[in-house]
Every structure is written in C-alpha cells, then in structure tokens.
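Residues per chain, in single letters:
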Amino acid sequence: MDVLETSKLLDEELYSRQLYVLGLPAMQRIQGAKVLLSGLQGVGAEVAKNLVLMGVGSLTLHDPHPTCWSDLSAQFFLSEQDLGRSRAEASQELLAKLNGAVQVCIHTGDITEDLLLDFQVVVLTASELQEQLKVGTICHKHGVCFLVADTRGLVGQLFCDFGEDFTVQDPTEAEPLVAAIQHISQGSPGILTLREEADAHRFNSGDLVTFSGIEGMVELNGCAPRPLHVQRDGTLEIGDTTTFSHYLRGGVVTEVKRPKTVSHEPLDTALFQPRVVAQSPQEVHRAHCLHQAFHALHKFQQLHGRPPKPWDPVDAEMVVDLAQALESLKGTEGEPLEEQLDKALVQRVALSSAGGLSPMAAVLGAVAAQEVLKAVSKKFMPLDQWLYFDALDCLPEDEEPFPNPEDYAPRPKAEVAAEAARRLNSDLQVTPLTYQLDLTTEHIYGDNFFSSVDGVAAALDSFQARRYVAARCTHYLKPLLEAGTKGTLGSACVFIPHVTEDYRAPASAAASEDASYPVCTVRHFPSTTEHTLQWARDEFEGLFHLSAETVNCHQQALTSLAHLDESQVLTVQQVVLGVLRQRPQTWRDCVLWALGQWQLCFHYGITQLLSRFPPDKVLENGTLFWSGPKQCPRPLEFDTSQDTHLLYVLAAANLYAQMHGLPGSRDQTALRRLLKLLPLPDPQDLAPIFSSDLELASAYAEFGPEQSKQLHEALEIWTVGPPLEPLTFEKDNDFHVDFVAAAASLRAQNYGIPPADRTKTKRIVGQITPAIATTTAAVAGLVGLELYKVVGSPRPRSAFRHSYLNLAENYFSRWVPHAPAIQKFHHWKWTCWDRLEVPAGQPERTLESLLAHVQKLNGLRVRMLLHGKALLYSAGWSPEKQDQHLSRRVTDLVLEVTRQVPKPGQRVLVLELSYEGEKEDVTFPPLHYKL
C-alpha cells in the first residue's frame, strides 16, 4: 500500500519519514500498542523517549524509587530539582510533551499478574534478576512480549522473549525484488530467464514470486505466489508451465515477502542456554563471558545488598569468583559448553560496573525501543535472544594503572562545598577538613587550629554537637555564628566573647534529643509510637548485629556471656536457640527463621505475657494492672494476605540471609506461596523469653545456669563455618528500614498504638532532620548579615541580632542577644567568657607557686582539679603529705594524676577551681596554665 494512503487518524506530517520505513499497517499497529516500562534510569529514559517519539498508543511508566544524584549522570529528564521524587513521576511530564498523541501514565503499585495482562509488551530496565524471572515467567505464560535492558558501566545487555510462536509479517526492511523477464519456457519445470543476469543472484531458492505484464503466457499474471528454485546458471525454476500458453514477450517477476515464525525460550531457560547475537566464534565466546558477568553481578547484589564498589579490586575478585561458581552454560542442543571463562574480562566489567554513561544508555535504549516496535508492529526480525554490547575499549590501556577506588567513592560534603565555593569566588582560600569535630579529634582541632581562625560558623545536626562546638568557642574566646533549620523552622544566633551570652541549647530540644525510655517500658509496656520504634530498632541491633558479633567472638574463643546485659542475651538466644537448631543453608531456612521470629514477637511472646498478667489482673490496691499508660496487648495471628506480616518476614529473612552470606529474594509472590507451605513453628521450638529482674514489669522466667549452658552449647555449634556478617543499621537500606517499620507497626498493633508509616519511621529511626531549600536559604542569609558585624570593627551588643522564623506560619522575629550573666563569689565577679591565665614561667612553676599566684589574682584560697581529679588531694595522697607535693612541678603532678602527657601542640592545661572554706556550688572560671 502506498504510504500516502494513510488513515485519517495518523498524523502524516508528524510521522512522514517513519512511514517510509515502517509502512502504514505497521504504524497503525504501533499506534494501538500498550507498553509497560519499569525502570527510569538512563536506559529506561532512552527507551521511553524513543517509544513516545515513534508514537506508541500508550506508555505506562513504573519506577517508585526516588531520584538520587547518580541518576543525573545519564537520565536527561531528571534534574537537581527532582531529587527525592520518584523517577517515574519526575519523567512523566517531559515525556508527555514530546508527543501529545501518546498517553503517558504512571503505575505506582507492584507489578502483578493482572497488571501485566493489560499490555502487549513489558520492558524491565535496571531490575534485579529475581524480578526479571518473575515477570518473564508470567509474560511468557500469557503471550506478552517481554524485554530486559540494562547497562553496567561500559557493558550493555538486552534480552527478548516474544513467545514460542511469534509471527513476523515483514521480516526485512528491503523492498520486494522486482526483475524484468527475458523468457519463460513451457515445461515441467518452466524455466524463467531474467534480462539482467545480476538480478538472478538477488533471488534465493524458496522465495515466493508473482508475475505481471506478461504477453502470451497470461496464466501467470496475477497467479498465486509461486516458489522459486535458483539454478547454477542463474535461471529460475518456477514450477509446471506445460499447459500454459506460449510466452511472447515482456512482464516482470515480483518477490512476495512471506511471514516467518520465531520461537523464543523463557528467561529461566535462556539464562542457562543463551542464544546470543554474534558474528564470529570469538564474539560468541565474549558474549557468553559477559552473560556470566551480568549473572554474577546479580548474585553479588543479592548477597551484599549493593552493587560492587567502583574500581574496588576486592569486590571485583568476588564477582569473578561468583562467575566461576555459576552453572555451566548449555548449547542449543542442551549440551554443556566447555568454554574457559575470561576472568580478566569479568574483572574489568566488575571494576567499571558502577558507572552510568549517557552514550551506553543511548545505544541500548535505541535497540531496546526498536525491539518493542518489532513486537507490536510485527515488522522486522526480533533478536534471537540475547544481545551483549560492550565498549570496554574506552578504558585505559592494559599497561595503564586502574583508577584508585578512593577517587570514585562518594565525596565528603566538606570537599564538595569547598569546590563549589571556589567556583563562586576563585579568590577565596578554602580548606576542606573531613575529620569529625568532637572529643576524639581534639589533637587535630586543638590550640594551633583555633588560634588560626577568627571565628566559627556552625550548622550542625544535633544539639550534642552544637554544645560541644560552642564550648570550644567559649574556651578559645572565638565568635560563634550558630544556624539551624527543621522543616520551615529556622534560627540564626550570634555569640560574641565578653559581649553576649554564651550558647545554651533549648531545654526542651536538648531533652528530647537525649531522651531514653525505660527498658521494661519499651520491651513489655509500650504506650507511644516512639516506644514501638525504639523496640524495633533494638530488635534490629540484637538480631542482626549483636548476635553475629557474639557468634564470631565464640569462634575465636568460647567466651562468657557475662559482658551482655539481659536484653542482649535475650536477642542472642532468639537467634541461636530459635526455630533453627543450626545455621541456615537455604533461603527456605531463612524464611522459616523469620516466620518463627514473627511468632515469637507478636503472638507467642504476647500470650506468655498475658498468661502472667491476665487482662483482668488486679493489684493489691484494687486497681487494674492494665490501666493508665499500660495498654493490655493482644496476640496477632499470622496472615500472608496482610502486607505488614509479609513485609516483616521478607525483610527479616533477607537480613538473616545476608548475615549468613546467603542469597536473599525480593519476590513477594513466591514468598507468599512458600509461607503457605510452611507450618507455623511450635512454641516449644521457640527460644524462651526470660528476664533476670523480678519486677512484674519485666520478668517472664529466670535465666539461670541451665539456660546459659544451653546457649553456650548452641553457640559452639554455630561457630562451625565462616564468620557471620554483623549488619549496621543504615537508613538508606530498604531492607533495614522495612524491617524496623514492619516490626514497629506490628508491635503497635499488639498494643493498640497508632503506627508510624514508613516515611516517619525512616525519619525518626534514621535521625533525619527535615529540611527544605527555602528555610536553609533564609537562615544562611541571616547568618551572613551577622557575619558583616563580626568581621568589622568591634560593635556593641545592641548591634547584634538573634533571629527565628517559621515560614509555614509566616512568623519572623529578631532580637538583641542578652548580655553574659555575671556570677559573684564574695568580692569576685566574672562571666562565662572569663578565665584565669597563668604563665608557666621559667623554670616551670611548682604547685605551691601556682597556688600562690591564683590567691594573688582573686584573694581566695582554692584547690585545683583536672578533669574532676584533685591535684592537691588526689587519690592516695594524705593531707599530712601534701607539703611534699607543693614543691613538685605542675606538669609532673598532672602526669601522675591523669597518666597522660600534654598532646603535641597543646598550649595550655585547663584546671578547675574549687573553694576550700565553704560548700557552695560555684562554677569558677577555668584556670588556663600556659605551657
């Protein structure tokens, strides 16, 4: 059909060039196609862009993951403003603008079997192998075309499964062959000779042809397609022409393109019996090695919950080992392929696999989108079935050293900020320091450091850190510009030596930050959401960190459990003496343990508590035991249809598997099926809950010598094997947050407490301070205004301002800081900024000389302390012997009391003063004894 004879529904101008490639029938099929695309990183964005531009009927995007910095390297629809938004949501609007004729929508839920049935083609990008296998199996079962596309650094992978019986209507782009006829003989078979000898070589035996314009042998004109057989001399056999009229002249022969049938294997078969697109045996072998490399990268992700670190030789070697341990690939006939794995190739793939590159995404995204169009248009032959593309030649030559892994690690904020500041002002001298600022680094941020700065601007995340930095500024008499934000709340304060008050953390905020809850309340009698979150966080620490450390400790030496407190012993026992009596060996074992842990925490443990303290229990004073803040709990019944129940088991089993170096699974459908087959653990198989204190609030049973012996014996069994991996809670790890969120929610259900959703859980447990750019910018401006005053000539207190704002409620306040409080003792007056400074002298002062000097300064008899220890009346010193110490050097006495010598660069010893004559609680100015 002529491409100009297009449907009125098709925009001829928009698709004019494309029509000449695909033709009208194919374009009409494309226009009615429904495609699901999961994964909107670089490759996914390229696939989506191409499909929208080429006019598919509808494109559904699926990617609930939030945009992160690494996405910006190859995903051109995303920008810094999209950080934190789901990638699908952030990409939809710009994709829709590319072509108004395409419906671009978002799916936010899980990928289910019912969902997949709504589409002709499903494409997964940047997906895990388990997800690919699950979706691929469903698609193959229901005849939905299925594709997987991915890039890892400079290597790309594409897989196609169009089913076992896929018909390609037009296998090639080439126009049908048309040739002029020289002569046709009568006979069986009839022999056709073409005018141009070259035309004969363009046909192949088996091609179907029709005829037109023939004079004489008119029976051939418009006949049904006839098969050809090409002879050695270039003539063509066309079948029996014995009964036809005598050929006179003219006519043309035209090729008839015929459909071809393609049969594809499902992914679970093709994974181990791959058919790869390659042009030579060498390319086939390289593709097979890349195939194993991708498989090993998926295994690494399952085992460690993360991809290999960039340019990390240890991680790369682990990937090589995993590739070598994989099942051997099989040929088309099912026979094992005796191929040698190219370990150097796999290593290079692993080393560079973390990067996302736009050119790689463009190549794979274009080929993947073309395969989608093949699936819906039935035009052109699809891939058979794997395509591997690599550009590892872009890496440095073999003789060049690989990059340093540290160069590709996430950069500290101080370094990034320093670089950004230099770009803003090239004359600025800025030095990034990445060491923590606390007691452990005072040898770095000591006298020399603070003497080199004129002031401190601080924007810290905790009041504990703020108090410490403020104390250092007071000690060194340095101005402090202090800023903080929390959502739409912001503050900016200024503290100037001898001019304003010193920093004091808000009492309520400091108290809430330092808040802790009684152990018995958290464990047995929670009444707030915070209690349930603390319990869940403690569960994570005990089950997946402390227990692993305890087992590892016993591997080195059978040590006592005396160093563990009651709750710690409980969590160790829950792991070691739980439903499993030995280490897990399979994913099923891990699920069984997680199910037992669910029963122990949310059913069996609650029934035990209620057996000891029934709902109607009355105390001696006549009041109900379960009253006031004590909420009477109820046991839960495990139900696989409950999402929170399933999420707990899924997260717990994966964490348990990771702790034991076993592969996990994210397949919720398969997990539901497995759980229906597993029996609920018998209460006798669960670790008994116990407590050593006898209060009603905490005791279930005594943990005595017999239980300790059992636990030691169990630990001896568990120490056989490799060390366990203690897991440290990370707020950005999905399984970590999922476990805590599910555990806290279930605990809340036990006690009738409103549960926290996942977002709130992550914020509280991860100690994340809410922040938005507007508040941050306003507070930064307010601090900048105070900086003008600090760096200028000295100003009175009335010139400075504390500021507070609430952008949500349009509240803004500024006020003059208070003057420093004056303290008095007898005739002596001082503020927080004052100190007594005493030079060491030459030769160095004795204790008697120092006491005399201090008494001269304030007229009072005092004694001196260092870190709470008396120099004059230290442990072991009697007043009768004090005279013999008065003649000793101060530094010698300090060394004797503290067992420490002054740190390098330390310029002063800070001594505390106390009054001998009275018991008044007075905080005197510190004594700075200069060295």
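Every value quoted in this text rests on a predicted model; they were computed, and no experiment measured them. Think of each chain on its own: its residues are numbered from 1, step by step along the sequence as written. Note on the predicted model: pLDDT of at least 70 is required for a residue's local features to be given, and 80 or more for side-chain atom pairs to be given and counted; whole-chain, interface and lining totals, by contrast, use all residues. Water and hydrogen atoms play no part in the side-chain values, which are based on all heavy atoms of the structure.

Q: Explanation requested: the nonpolar core in the structure shown.
A: A general feature of soluble globular proteins is that nonpolar side chains tend to end up buried together. Buried residues of nine kinds, namely Ala, Val, Leu, Ile, Met, Phe, Trp, Tyr and Cys, make up a nonpolar core once their side-chain atoms join them within 4.5 Å. Exposure categories follow from relative accessible area, calculated using a 1.4 Å probe and restricted to protein chains: below 20% of the type maximum is buried, above 50% is exposed, and the middle band is partly exposed. By size, the foremost hydrophobic cluster in this structure holds 94 residues, and its most contacted members are Leu 51, Leu 59, Leu 61, Val 121, Val 122 and Phe 146. Aside from chain neighbours lying at most four places away, what touches Val 121 is Lys 34, Val 35, Leu 36, Val 144, Cys 145, Leu 147, Val 372, Ala 375 and Val 376. Listed in part, the 48 residues of the second largest apolar core include Leu 675, Phe 739, Ala 743 and Ala 744. For this analysis, residues touch if any pair of their heavy atoms sits within 4.5 Å.

Q: Help me understand the sheet that holds strand S19 (residues 489-495), please; the structure alone is not making it clear to me.
A: Within a sheet, adjacent strands bond to each other through the backbone by hydrogen bonds, running parallel or antiparallel. The rule for pairing is simple: two strands pair if DSSP sees at least two bridges between them. In DSSP terms, a helix is any run of H or I states spanning at least four residues, a strand is any run of E spanning at least two, and both are numbered starting from the N terminus. The strand order S17-S18-S19-S20-S21 describes an open sheet built from five strands, whose pairing is mixed. Of all the strands in the sheet, the pair left with one neighbour each is strand S17 (456-458) and strand S21 (811-815). Within this sheet the neighbouring strands show an average axis-to-axis angle of 5°, counted without direction. Direction of pairing for strand S20 (residues 802-806) relative to S21: antiparallel, over a ladder of five bridges. Across the sheet, residue His 802 finds its bridge partner in S21, namely Trp 815. Note on definitions: angles span 0 to 180 degrees between N-to-C directions of axes, and those axes are lines fitted to C-alpha atoms, for helices only across the stretch in contact. Contacts from helix H15 (residues 463-476) reach S17 and strand S18 (480-486), with the element oriented near 170° to S18.

Q: What is the right way to look at the packing of aromatic side chains in this model?
A: Note on aromatic pairs: each is described by the distance of the centres and the angle between the planes. Note on aromatic pairs: the rings of Phe, Tyr and Trp (six-membered ring only in Trp) are paired at centre separations within 6.5 Å, and the planes decide the class, stacked below 30 degrees, edge-to-face beyond 60, tilted for the rest. One pass over the structure, following the stated rule, counts 27 aromatic pairs. An angle of 45° between the planes, with centres 4.6 Å apart, marks the rings of Phe 159 and Trp 386 as tilted. One end of the pair, Phe 159, is in strand S6 (residues 155-161); the other, Trp 386, is in strand S16 (residues 386-390), with 227 residues separating them in the sequence. Comparing Phe 159 with Trp 386 shows no difference in burial state: the two are buried. With a centroid separation of 4.7 Å and 5° between ring planes, the pair formed by Phe 450 and Tyr 476 is classed as stacked. One end of the pair, Phe 450, is in helix H14 (residues 447-451); the other, Tyr 476, is in helix H15, and 26 residues separate them in sequence. Look at Tyr 476 and you get buried, because its relative accessible area is 17%. Put simply, the rings of Trp 535, Phe 540, Phe 544, Trp 593, Trp 598, Phe 602, Phe 638, Tyr 648, Tyr 656, Phe 729 and Phe 739 touch in pairs and so form one group of aromatic residues. Charges are assigned to positions over rings by a cutoff of 6 Å between ring centre and Lys NZ or Arg CZ, combined with an angular limit of 35 degrees from the ring normal. A cation over a ring is seen here: Lys 630 above Phe 625, with NZ or CZ 5.5 Å from the ring centre.

Q: What is the right way to look at the pairing of strand S3 (residues 103-106) in this model?
A: Residues in a regular strand point their side chains to alternate faces of the sheet. Bridge count between strand S2 (residues 58-62) and S3: four bridges; the pairing is parallel. Residue pairing across strands places Leu 59 opposite Val 104, the latter belonging to S3. When the strands point away from the viewer and the path from the first strand over the helix to the second turns clockwise, the crossover is right-handed. Handedness of the crossover joining S2 and S3 through helix H4 (residues 87-98): right-handed.

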